[in-house]
Amino acid sequence: MLTIKVGRRRIKPLNWLIFLSFVALIVYVFFSLIFLLPLFNKEYSYNIDKDNYHLSVKTKFKHAWFNCHTTEVYKIKSDDKLIVKTLGNQLISDGFKENNKNNYVRKSSEFGLCSDNYKRYKKTRKKGYIKFSLRGKSSQIIEYEKEYKDPYVNAKINNTNVKRVDVVSTLNEKQIGKYITSYTINVNKMHKEYLFRIIKIVDTKKPEIKIVGNNVIEIDYGSKYVEPGFEASDNYDGDITNKIKIKNTINNKKAGTYNISYSVCDTSNNCTSAKRQVVVKEKTKEVIVHEPKIEVKNGLTYVDGVLLVNKKYGVPKTYDPGVNEEALKKVKEMQKDAEVLGLSLPIVSSYRSYKTQEKLHASYAKRDGEEKASTYSALAGHSEHQTGLAFDLGSTDSSFQYTKEAKWLAENAHLYGFIIRYPKDKTDITGYVYEAWHVRYLGKDLAYKVWQSGLTLEEYLGVN
Ligand SMILES: [Zn+2]
């Protein structure tokens, strides 16, 4: 039988086995204790300040000799949402989890003889060890269409140039807006440094207006001014002819020189304007004045074939056509297109019978007095709503004129056959205050001509 000699003693194999098992148990218990016991528990906070953001890091270490746990919590504070978002995304890509608003957490554990991560990090943070800064301004404003070259960064760790700087940018030079570029370097396995630059692409270039035809146009006394046309283009928006606003003060019944002004603004609110002069000649015997053809059929007044309802020309009490189907179809088409742009233009009012108008006007007159009520509400029999061709869209509150909806309506209604019937600064002609919501259906061709002339329907028809 095999025996082992230790000194002068002989030990039997069975005893030997028991002895080794005992030693293994001791070793196991000893190491288990070390593995499990958290001998150190430290918490550190420190701040990293950059130009316009601020990272505060809270780190918790749980140390044993062989088993370390680290929890890092980053809190991002910045005036700029883009930076918070970008930095947040960077942290997530580094294995952080978003805990709550602007709070990012990463847990890691290391096995072996752990050193204090914070001390290691602090060493790398010591003055001059990391040199990481932006070249050029941290916020750059670039004119649209101008070439932009990233000024890059200075990056040195321990006086050695950093070979790899990760540059990520949201920049789209084709679109005006605010963008961000981030620069990241790896300091060590655990730590990165970030820098950010804001880039704004702006358009400060004014659009251009081109006037078709002569700058000075002479017309005969009493004859209709026909607009020869105009175009507007912008370096960023392209063709913006349909955004041109025209102001026309021509009175063809009074000789004199009148100005037509054309103005337009691009999406960045760069505005430009142009002018044309219209000279209304003196009345001479030779001039045959074009007098508009006014016909009355069944109590309805047509001027050159256009049904006209205003304070002077009314409709019979019995006239009851209901809403005009063609006009309603066009309103719906217009609403659909506006909706695509996020604009809401509900019909507030459309066809109104004589009776309805009578009651409505009486209630306004009771509230505000007849004189004031007549500046915004028609007498029964004189409301355009009774023709079924007029609609109030959006809201009939005077604040409606300042909305995006009103702006869009003024610029686009003619494309669907409508005009803004009571425009701004034309109260002396229409008799009504500016109603940005009230549109009248004329059909596409005529609506375009009236819109292009910059005149009210009365002026355009020559019955003012
Ligand atoms: Zn109305």
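Everything quoted here is computed from the prediction, not taken from an experiment. (Residues numbered from 1 in each chain as written. Predicted model: local features only at pLDDT ≥ 70, side-chain atom pairs only at ≥ 80, totals over all residues. Heavy atoms only, no water.)

A.B. asks: Honestly, the sheet that holds strand E22 (residues 294-297) in this entry has me stumped. Any pointers?
C.D. replies: Each strand in a sheet pairs with another by means of backbone hydrogen bonds, the pair being arranged parallel or else antiparallel. The three strands are arranged E22-E23-E24 in an open sheet whose pairing can be described as antiparallel. This sheet does not close on itself; its edge strands, each paired only once, are E22 and strand E24 (306-307). Here E22 runs beside strand E23 (residues 300-303); their pairing, made up of four bridges, is antiparallel. By the bridge assignment for E23, Glu295 is matched with Tyr302. (Pairing = 2+ DSSP bridges. Helix = DSSP H or I, 4+ residues; strand = E, 2+ residues; numbered from the N terminus.)

A.B. asks: What am I meant to see in the layout of surface pockets here?
C.D. replies: To find leftover empty space, one rolls a probe the size of a water molecule over the atoms. One number sums up the size of the largest pocket: a volume of about 830 Å³. Taken together, 29 residues line the largest pocket, and the ones lying closest to its centre are Lys245, Ile246, Ala410, Pro423 and Tyr434. Broken down by secondary-structure element, the contributors of at least two residues to the lining of the largest pocket are strand E19 (245-248), strand E20 (256-265), helix H7 (404-412), strand E27 (418-422) and helix H9 (444-453). Here the element with the most residues in the lining of the largest pocket is H7; it accounts for five residues. Split into classes, the residues belonging to the lining of the largest pocket amount to 15 nonpolar, seven polar and seven charged. Per-domain counts for the lining of the largest pocket show at least three residues from each of domain 2 (208-280) and domain 3 (294-461). Volume-wise, the second largest pocket comes out at about 470 Å³. Around the second largest pocket, the lining comprises 25 residues; the ones closest to its centre are Tyr364, Tyr376, Ser377, Glu435 and Trp437. Those elements giving two or more residues to the lining of the second largest pocket turn out to be strand E25 (347-349), helix H5 (354-368) and strand E28 (435-441). Each residue belonging to the lining of the second largest pocket can be placed in one class, and the counts come to nine nonpolar, nine polar and seven charged. (1 Å grid on protein atoms, 1.4 Å probe; cavity = no way out; pocket = protein on both sides within 12 Å on 5 of 7 lines; lining within 4 Å. Points joined across faces, edges and corners; volume = space filled by probe spheres on them. Nonpolar A, V, L, I, M, F, W, Y, C, P; charged D, E, K, R; others polar. Domains from an automatic or database assignment.)

A.B. asks: Honestly, the state of the cysteines in this entry has me stumped. Any pointers?
C.D. replies: Covalent bonding between the sulfur atoms of two cysteines defines a disulfide. One pass over the full model with this rule turns up one disulfide. Put simply, Cys265 and Cys271 are joined by a disulfide, and their sulfur atoms are 2.0 Å apart. Residues Cys265 and Cys271 share a disulfide whose torsion about the S-S bond is about 105°; that sign makes it right-handed. (Disulfide = S-S within 2.5 Å.)

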